[in-house]
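Here is what each chain is made of, one letter per residue.
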Amino acid sequence: MKLRRALLALLALVIAGAIVFYLLTMPATVPASALPAHTPDLANGKYMFAAGGCAECHAVPLKKCDDLKTKEKEVLAGGRCLKTPFGVFHVPNISPDKETGIGTWTTIDFINAMKHGIGPGGVHLYPAFPYSSYQRMTYEDLIDLKAYLDSLPAVKSDVPPHELSFPFNIRRTLGVWQKLYVDGESFTPDPNASAELNRGAYLVMGPGHCAECHSSRNILGGIIEDAKFAGAKNPEGKGTVPNITPSDDGIGDWSEDDIAYLLETGNTPDFDVIGENMAPVQENMAKLTDEDRKAIAAYIKSLPPRPDAVPKSEQKKHEHKEDAAPSSEGAAEETPESKSEQPSAGGEEKPTAGGAEEKPTTGGAEEKPPAGGAEEPPGIED
Amino acid sequence: MRKSIIVAFAVLGLGGFATVAICAEDLAAAVKDRRHLMKEVVAPAAKLGGQMVKGVKPFDAAAAAKAMNEINGVPDKYVKLFPKGTAHGEIADSEAKPAIWEDFKEFEATAMKLKDASAQAATAAGEGEGAFTAAFNNMTKVCKDCHQTFREKLKE
C-alpha cells in the first residue's frame, strides 16, 4: 500500500516534470498577421545579406568543410562545419531549393527562424545560427532579406545532420535557452542617442551579430552581459577573439576612423592585417556604405570599456588545440564574474550608447541586470 | 679495442646529439628571422604607406616608393624560412598554419604575390596619390589573402 502510494507520487512527479518541460520548451512564434504591410526592397535585402554575413556560413566552403574561404557568395548550399565544444554543426542549405533548401518557407517562417529560432513545424534551431542577434532586426529588413534570398539560385545539396553530444542533440531543450535569451523584440532606438549611434547599434547588435563572437559566454552558452564585447575564446576551438571595447586591453587607442578603416580594408592601425574568422566578416563590412561603417565605429567607441574577459594566462595556453575544447565553457564563465567586482565593469552608465546597447539585449536574466537597462521586456511568447 | 669502440660510440652519440641540437636551433632561428622580416621590415613600411593612404600623414612619393621597395625585398627571403617542423604548435612563437606544408607550392605562390604587388605600389607612388592608394589597397589584399589561409595569429 505504502509502496503503491510512493509509486503513484513518483509517477505524478514524472508527469508534472514532463508537463513543465513541455511548457518551458514550447516553440514561441508569431503569426503572419504580425507582419507589417511592406513591399520588399531587393536592394536593401542584398545590403542586409552583406551586413548579416549570411554567406560566411551558408556559402559552400572552398575545399574542406572548415575552410574559411567560400565559393560564390550567392550559392547558399551550406556544408560548412563548425567544430564547437557541443559537437559538430553542419551548416544547412538556405538556397531556395524546395527539397534541400528553404524554398518552401514563407516569409513568416523565415521571420520566426530569424527572430525566435523556430523553423517551420515548430522545430527549435540551434543558436550557432545567431538568431539571438538577428532577432533585433526590423520586420522590414527581414522581409527584404527574405525576398533577396528567394532571388538567389536554388541548389540541391546533401548536408549531413549535426553531430552533437547529449543533451545538446535534443532540440527541444533549446526551448529553455530561448526563454532566457530570445524574445524576438526588434531593436529599439535610444531617443537620447544620435541617429548615427542608433544606426551603429542596430548594425552591431542586429545583422552584424558582432557580440556573438566577441563576447564570452556562461555555462548555458548565453552571452555574459558584464563581459559583452570584451573578447572570448574562439568558439571554434583555437585562439581568442579580441576585446573590442575601448579599454587598455581592447582597442582604446584606436580612433573611430581606425575602426571604420579596418572594416573597409582589413588593416589595423599598425598595418597588420586581420585574418582568420574576421577576414570574411570584414569583406562584408567593406560592402556597406561609408556612413554605416562610421556609425558602427562610433557605436563601438561608445561601448563601456572592459578588461579582457579571457585572462592573459589563458590567452597563451590556448595555443594548443586540446586546451581550447570543452573546458572553455567553465573557464569562460568564471572569469568575468570575478572581474565584475572590479570598478571597470561599472562602465554601464555611459550616457549615450548605454541605453542603446542594453535595451535590446535579453541576456540580463543570467547575470545581474545592467544598471538602468530594462529587465527582460515582456516577450511575445508569454 | 673495446675502449675504442666505446669512444667511437660516445663520439657518434655526441655528434648525433649535437646535430639534433643544431637542427632545433635552426628551426627556432627560422621562426625568428621570418617574424623579424614581417614585424620589423614589412609592417613599418606598410604602416608608413598606409598612413599616407589614410591621410594621417601627407603623401610623399619618394618615401612611399622607398617603403614599398623595402617590402619588395622581403618575399624572396621570406619563403625560404619555412623548414618542416616550424608550424604553430610544433615550435614556440610560430604563427604558421600546418596548411603551409600541405601544399607548399601554393603557399609559396601566395606569399610571392607580395613581390609584384609591392613593385606595382612602388611604381604607382611616382604616379601620384590616387594611383598609390589603389595599388597600396591592392597590396594589402594580398597580405590578407595569405594571412587568412596560412597564419594562426598569436596574441602578443
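A quick note: this is a predicted structure, and the numbers were derived from the prediction, not measured.

## Notes on the overall build of chain A
Piece 1. Along chain A, the regular secondary structure elements total 16 helices and seven strands.
Piece 2. By the burial criterion, 45% of the 382 residues in chain A qualify as buried.
Piece 3. Here the analysis covers contacts within chain A between residues at least 6 apart in sequence; of these, 68% occur between residues at least 24 apart.

## Concerning the overall build of chain B
Piece 1. Per the secondary structure count, chain B includes six helices and zero strands.
Piece 2. From first element to last, N terminus to C terminus, chain B shows the α and β order α-α-α-α-α-α.
Piece 3. Relative to its 156 residues, chain B shows a buried fraction of 29%.
Piece 4. Considering only intrachain contacts with a sequence separation of at least 6, the fraction spanning at least 24 residues in chain B is 66%.

## Quick notes on the confidence of the model for chain A
Piece 1. Counting all residues, the mean pLDDT for chain A is 84, and 82% of those residues have values of 70 or more.
Piece 2. In the model, residues 318-382 of chain A has pLDDT below 50 throughout and makes 129 contacts with residues more than four positions away in sequence or in other chains.

## Focus: the interface of chain A and chain B
Piece 1. In this assembly, 18 residues from chain A lie in contact with 17 residues from chain B.
Piece 2. Across the side of chain A that touches chain B, the residue classes break down as five nonpolar, eight polar and five charged.

## Section: the sheet that holds strand β2 (residues 87-90) of chain A
For sheets, the rule is that strands pair by backbone hydrogen bonds, running either parallel or antiparallel.
Piece 1. Reading across from one edge, β1-β2-β5 (chain A) is the order of the three strands in this open sheet, with antiparallel pairing throughout. Strands at the two margins of the open sheet, each flanked by one partner only, are β1 (81-84) and β5 (163-164) of chain A.

## Side note on the domain arrangement of chain A
Residue and element names in this part refer to chain A.
Piece 1. When its domains are assigned, chain A resolves into domain 1 (40-181) and domain 2 (195-365).
Piece 2. Each side of the interface is counted separately: domain 1 has 20 residues, and domain 2 has 30 residues.
Piece 3. Only α2 (42-51), β1, α5 (131-134) and α7 (174-181) provide two or more residues apiece to the side of domain 1 that touches domain 2.

## Quick look at the pairing of β2 of chain A
Residue and element names in this part refer to chain A.
Piece 1. Where β1 meets β2, four bridges bridge the pair, whose relative direction is antiparallel. When the bridges of β2 are listed, Thr 84 appears paired with Gly 87.
Piece 2. As consecutive antiparallel partners, β1 and β2 are separated by two residues.
Piece 3. The pairing of β2 with β5 spans two bridges and is antiparallel. The residue of β5 that forms the bridge with Gly 87 is Leu 164.

## Observations concerning the environment of Leu 149 of chain A
All names here are of chain A.
Piece 1. On the secondary structure map, Leu 149 appears in helix α6 (residues 139-150).
Piece 2. Note: C-alpha distance between Leu 149 and Thr 265 (116 residues apart in sequence) is 26 Å.
Piece 3. Sequence-distant contacts of Leu 149, that is, excluding residues within four places in its chain, are made with Ile 94 and Pro 96.

## With respect to the confidence of the model for chain B
The predicted coordinates of low-pLDDT regions are not to be read in fine detail.
Piece 1. Per-residue confidence for chain B gives a mean pLDDT of 88; residues scoring 70 or more make up 85%.
Piece 2. Prediction confidence for the complex, expressed as pTM and ipTM, is 0.78 and 0.73 respectively.

## Focus: the nonpolar core
Piece 1. Ranked by internal contacts, the top residues of the largest apolar core, which has 97 residues, are Met 114, Val 204, Ile 296, Tyr 299 and Ile 300 of chain A together with Ala 121 of chain B.
Piece 2. Here this core gets eight residues from one element, more than from any other, and that element is helix α5 (residues 104-125) of chain B.
Piece 3. Two domains each donate at least three residues to this core, and these are domain 1 (40-181) and domain 2 (195-365) of chain A.
Piece 4. Once you skip the residues sitting within four places of it in the chain, Ile 296 of chain A turns out to touch Gly 200, Leu 203, Val 204, Gly 208 and Leu 263 of chain A.

## Some details on unusual backbone geometry
Residue and element names in this part refer to chain A.
Piece 1. Look at the link from Phe 166 to Pro 167: it is a cis peptide, with omega at 0 degrees.
Piece 2. Phi is positive for Phe 229, close to 70 degrees, though the residue is something other than glycine.
Piece 3. When you line up the elements, Phe 229 lands in the loop between α9 (211-214) and β6 (232-233).
Piece 4. In this model, Phe 271 sits at a positive phi of 60 degrees, which is unusual for a non-glycine residue.
Piece 5. For Phe 271, a count of 22 C-beta atoms within 10 Å puts it in the buried group.

## A look at the environment of Val 204 of chain A
Piece 1. By the secondary structure assignment, Val 204 of chain A is in helix α8 (residues 195-205).
Piece 2. For Val 204 of chain A and Ile 300 of chain A, which are 96 residues apart along the polypeptide, the C-alpha to C-alpha distance reads 8.3 Å.

## Brief notes about the packing of helix α4 (residues 107-116) of chain A against α6 of chain A
Residue and element names in this part refer to chain A.
Piece 1. Look at α4 against α6: their axes get within 10 Å of each other, and the N-to-C directions meet at 120 degrees. In terms of orientation, α4 lies oblique with respect to α6. Our pair here, α4 against α6, has a crossing hand that is right-handed. Where α4 approaches α6, its residues Thr 107, Phe 110, Ile 111 and Met 114 are matched on the opposing element by Tyr 139, Leu 142, Ile 143 and Lys 146.

## Points about helix α12 (residues 290-301) of chain A
Piece 1. Between its terminal C-alpha atoms α12 of chain A stretches 16 Å, which fits the 16 Å expected from 12 residues at 1.5 Å a residue.
Piece 2. Along α12 of chain A, the residues classified as buried are Asp 292, Arg 293, Lys 294, Ala 295, Ile 296, Ala 297, Ala 298, Tyr 299, Ile 300 and Lys 301 of chain A.

## Quick look at α2 of chain A
All names here are of chain A.
Piece 1. Those residues of α2 that fall on the buried side of the exposure criterion are Gly 45, Tyr 47, Met 48, Phe 49 and Ala 51.
Piece 2. In this structure, the buried side of α2 is in contact with α3 (54-58), α6 and α8.
Piece 3. Just downstream of α2, Gly 53 is the residue with a positive phi angle, here 65 degrees.

## Some remarks on the packing of helix α10 (residues 256-265) of chain A against α12 of chain A
Residues and elements named next belong to chain A.
Piece 1. For the pair α10 and α12, the least separation of the axes is 8 Å and the interaxial angle reads 130 degrees. Between α10 and α12, the interaxial angle falls into the category oblique. Crossing handedness for the pair α10 and α12: right-handed. In contact with Glu 256, Ile 259, Ala 260, Leu 263 and Glu 264 of α10, α12 contributes Arg 293, Lys 294, Ile 296, Ala 297, Ala 298, Ile 300 and Lys 301.
Piece 2. Split into classes, the residues belonging to the contact of α10 with α12 amount to seven nonpolar, no polar and five charged.

Conventions used here
- Residues numbered from 1 in each chain as written.
- Chains lettered and ligands numbered in written order.
- Predicted model: local features only at pLDDT ≥ 70, side-chain atom pairs only at ≥ 80, totals over all residues.
- Helix = DSSP H or I, 4+ residues; strand = E, 2+ residues; numbered from the N terminus.
- Buried ≥ 20, exposed ≤ 12 C-beta atoms within 10 Å, placed from the backbone.
- Contact = placed C-beta atoms within 7 Å.
- pLDDT = per-residue confidence, 0-100.
- Nonpolar A, V, L, I, M, F, W, Y, C, P; charged D, E, K, R; others polar.
- Pairing = 2+ DSSP bridges.
- Domains from an automatic or database assignment.
- Core = buried A, V, L, I, M, F, W, Y, C linked by C-beta atoms within 7 Å.
- Axes fitted to C-alpha atoms, helices over the stretch in contact; angles between N-to-C directions.
- Parallel < 35°, antiparallel > 145°, perpendicular 65-115°, else oblique.
- Left-handed = near helix turned anticlockwise from the far one by under 90°.
- Expected span 1.5 Å × (residues − 1).

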